[in-house]
Amino acid sequence: MVTAASIGSRVESLSSSGISTIPKEYVRPKEELINIGDIFEDEKSTEGPQVPTIDLKEIDSEDIKVRETCREELKKAAIDWGVMHLVNHGISDELMERVKKAGQAFFDLPIEHKEKYANDQASGKIQGYGSKLANNASGQLEWEDYFFHCVYPEDKRDLSIWPQTPSDYIVATSEYAKELRGLATKILTVLSLGLGLEEGRLEKEVGGLEELVLQMKINYYPKCPQPELALGVEAHTDISALTFILHNMVPGLQLFYGGKWVTAKCVPNSIVMHIGDTLEILSNGKYKSILHRGLVNKEKVRISWAVFCEPPKEKIILKPLPETVSEEEQAIFPPRTFSEHIQHKLFRQSQEALASTKEAAISTSNGAAHISTKEAA
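What you see as residue numbers is a count from 1 along each chain, following the sequence as written. Residue-level local features of this predicted model are given only where pLDDT is at least 70; pairs of side-chain atoms are given and counted only at 80 or more, and the full residue set underlies all totals for whole chains, interfaces and linings. To obtain the side-chain values, all non-hydrogen atoms of the structure were included, while hydrogens and water were left out.

1. Some remarks on unusual backbone geometry
Leaving glycine out, the prevailing phi sign among residues is negative, and the prevailing peptide bond configuration is trans. For the bond from Y152 to P153, the omega torsion is 0°, close enough to zero to count as cis. For the bond running from T165 to P166, omega is 5°, close enough to zero to count as cis.

2. What about the nonpolar core?
Applied cut-off: To form a nonpolar core, buried Ala, Val, Leu, Ile, Met, Phe, Trp, Tyr and Cys residues must be joined to one another through side-chain atoms within 4.5 Å. Using a 1.4 Å probe on the protein chains alone, a residue whose accessible area is under 20% of its type maximum counts as buried, one over 50% counts as exposed, and one in between counts as partly exposed. Where helices and strands are cited, they refer to DSSP runs of H or I of at least four residues and of E of at least two residues respectively, numbered from the N terminus.
Grouped together as the largest cluster of nonpolar side chains are 65 residues, with contacts concentrated most on Y176, I187, L242, F244 and L279. Looking at this core element by element, the count peaks at 11 residues for helix α7 (residues 169-194). Of all hydrophobic cores here, the second largest spans 13 residues; its members include W81, L253, V272 and I290.

3. Structural notes on the packing of helix α4 (residues 64-80) against α7
A pair of packed helices is captured by two measures, namely the crossing angle of their axes and the spacing between those axes. Our working definition: Lines fitted to C-alpha atoms define the axes, with helix axes restricted to the stretch in contact, and inter-axis angles between N-to-C directions lie between 0 and 180 degrees. Note on terminology: angles under 35 degrees are roughly parallel, angles over 145 are roughly antiparallel, angles of 65 to 115 are roughly perpendicular, and the others are oblique. Residues are treated as being in contact if the distance between any of their heavy atoms lies within 4.5 Å. All residues other than Ala, Val, Leu, Ile, Met, Phe, Trp, Tyr, Cys, Pro, Asp, Glu, Lys and Arg, Gly among them, are scored as polar; the first ten of these are nonpolar and the last four charged.
One can describe the packing of α4 onto α7 by two numbers: an axis separation of 10 Å at closest approach and a directional angle of 80°. One element, α4, and the other, α7, form an angle in the roughly perpendicular class. Facing R71, L74, K75 and A78 of α4, the residues of α7 in contact are I187, V190, L191, L193 and G194. For the contact of α4 with α7, a count of residues per class yields 6 nonpolar, 1 polar and 2 charged.

4. Some points on the pairing of strand β2 (residues 83-87)
The following threshold applies: Paired strands, in this sense, are two strands between which DSSP finds at least two bridges. For a crossover, the right-handed case is the one in which the path from the first strand over the helix to the second runs clockwise, viewed with the strands pointing away from the viewer.
Counting buried positions along β2 gives 5 out of 5 residues, so the element sits mostly inside the fold. The two faces of β2 match: V83, H85 and V87 on one face and M84 and L86 on the other face are all buried. Examined bridge by bridge, strand β1 (residues 53-55) and β2 share 3 bridges and lie parallel to one another. The residue bridging T53 from the neighbouring strand is H85, located in β2. With α4 bridging β1 and its parallel neighbour β2, the resulting β-α-β unit is right-handed. Direction of pairing for β2 relative to strand β10 (residues 271-275): antiparallel, over a ladder of 4 bridges. For H85, the partnering residue across the bridge sits in β10 and is V272.

5. Quick notes on the packing of aromatic side chains
We apply this condition: Stacked, tilted and edge-to-face pairs are distinguished by plane angle, under 30 degrees for stacked and over 60 for edge-to-face with tilted covering the rest, among Phe, Tyr and Trp rings (Trp via its six-membered ring) whose centres lie within 6.5 Å. Remark: a charge is flagged as sitting over a ring if the NZ atom of Lys or the CZ atom of Arg is within 6 Å of the ring centre and within 35 degrees of the ring normal.
Enumeration according to the criterion identifies 11 aromatic pairs in this entry. On the basis of an interplanar angle of 70° and a centroid distance of 6.4 Å, the ring pair of Y117 and F147 is categorised as edge-to-face. Taken together, the residues Y117 in the loop between α6 (111-114) and β3 (128-131) and F147 in strand β4 (residues 145-152) connect sequence positions 30 residues apart. Take Y117 and F147: they sit in the same class, and that class is buried. Members of the aromatic cluster, connected to one another through ring pairs, are F106, F107, Y117, Y129, F147 and Y220. Directly above the ring of W261 sits R293, whose terminal nitrogen or CZ lies 4.2 Å from the centroid.

6. Some details on helix α5 (residues 93-108)
The criterion, for reference: By this rule, a helix spans an expected 1.5 Å times one less than how many residues it contains. Relevant arc is that of directions from the helix axis to the C-beta atoms, nothing else.
With 16 residues, α5 extends 22 Å between its outermost C-alpha atoms, agreeing within 8% with the 22 Å of an ideal straight helix rising 1.5 Å per residue. Buried within α5 are the following residues: L95, M96, V99, K100, A102, G103, F106 and F107. The arc enclosing the buried residues of α5, seen along the axis, measures out at 160°, which places them on a common side. Exposed positions of α5 whose direction lies more than 90 degrees from the buried face are K101 and D108.

7. Comments concerning the pattern of salt bridges
Going by this rule: Any Lys or Arg side-chain nitrogen located within 4 Å of an Asp or Glu carboxyl oxygen qualifies as a salt bridge.
Tallying each qualifying case throughout the model produces 19 salt bridges. With a shortest N-O distance of 2.9 Å, E32 and R28 are connected by a salt bridge. Note on accessibility: E32 and R28 belong to one class, buried. A salt bridge links E68 to R67; the nearest nitrogen and oxygen atoms lie 3.8 Å apart. Of the residues examined, E68 reaches a relative accessible area of 39% and is grouped as partly exposed.

As structure tokens, this is what we get:
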């Protein structure tokens with residue numbers, strides 16, 4: 001049911017209301033606001049480390065030397081960064097543009113129309129249109145609305161909650177998901193070989209063709225009157241095996257690398273790929289799941305299309321593969337199901353937020369402005 005309260009809870013409504021200051025629930029603690037400047041100037045900077053761009057054109061080349069050079073660069077980026085821009089990835093520019101055009105067209109609809117697709121997190125209905133609910137003790141919110149749904153395999157989709165407008169949404173998104181699934185196999189093959197495993201091993205360990213699930217989250221970040229105080233998405237690592245991201249060429253992604261926040265460039269026709277916690281665990285930390293966050297700005301709406309490739313929640317035990325463990329390199333992750341890993345992260349986040357809130361209250365009562373640093377899980 002569409003209500004005035006639900007419409008008013010959307011960040012898009014706040015942004016379009018003409019406010020000059022953001023509600024206190026969206027103001028992040030001081031320690032989370034480090035290195036937040038002008039995102040457009042940051043994106044132009046050529047100083048310091050840059051997120052690697054990996055050209056996949058020769059990933060299956062018949063020339064062994066050429067093929068191995070391409071695959072080695074991918075493996076190196078996964079070990080060093082855990083994030084990269086993929087170019088010549090095999091998915092057509094035309095299809096990616098259709099996906100982006102369809103997603104933007106949905107968010108361009110009146111909020112009243114989008115509310116017909118609203119999720120209900122309280123009852124466990126997580127798919128659909130929504131806004132981040134506070135899931136920590138401090139009650140902080142993120143400056144974004146989103147649309148979340150399972151896009152692959154086809155038998156696990158619920159098309160009844162997919163946008164019917166625009167008309168190309170279902171067709172374009174379905175085709176893109178199928179293409180991404182093929183790309184995921186190529187990436188997992190290279191990363192398996194990079195660990196000295198058989199080429200199909202990692203894919204098998206994350207569920208194979210039948211069980212690996214692709215979940216799409218379209219993140220919609222409205223213009224923010226005080227971007228220096230807010231976050232579109234707070235610092236986190238992805239729980240997935242792999243995450244593939246499209247965006248509308250508005251900067252905002254930052255990675256925590258070498259002890260500081262690095263702003264990702266907007267690389268035309270690329271797909272940003274993250275290594276997620278799942279592969280970090282299976283590789284015993286060889287492949288990195290990098291801490292990252294999303295910034296907002298005053299001038300432009302930012303939209304990103306994130307597809308999370310996730311293993312089944314209960315069927316597989318995630319732990320370092322035996323081949324990655326030795327006397328010199330002990331297992332650094334305990335065995336957990338994917339579901340248990342999610343709960344572990346949520347528990348850590350809530351405990352850390354609670355500790356941060358308590359310390360902030362003590363500091364305030366002592367007349368101090370210090371707030372403890374909160375580690376991201």
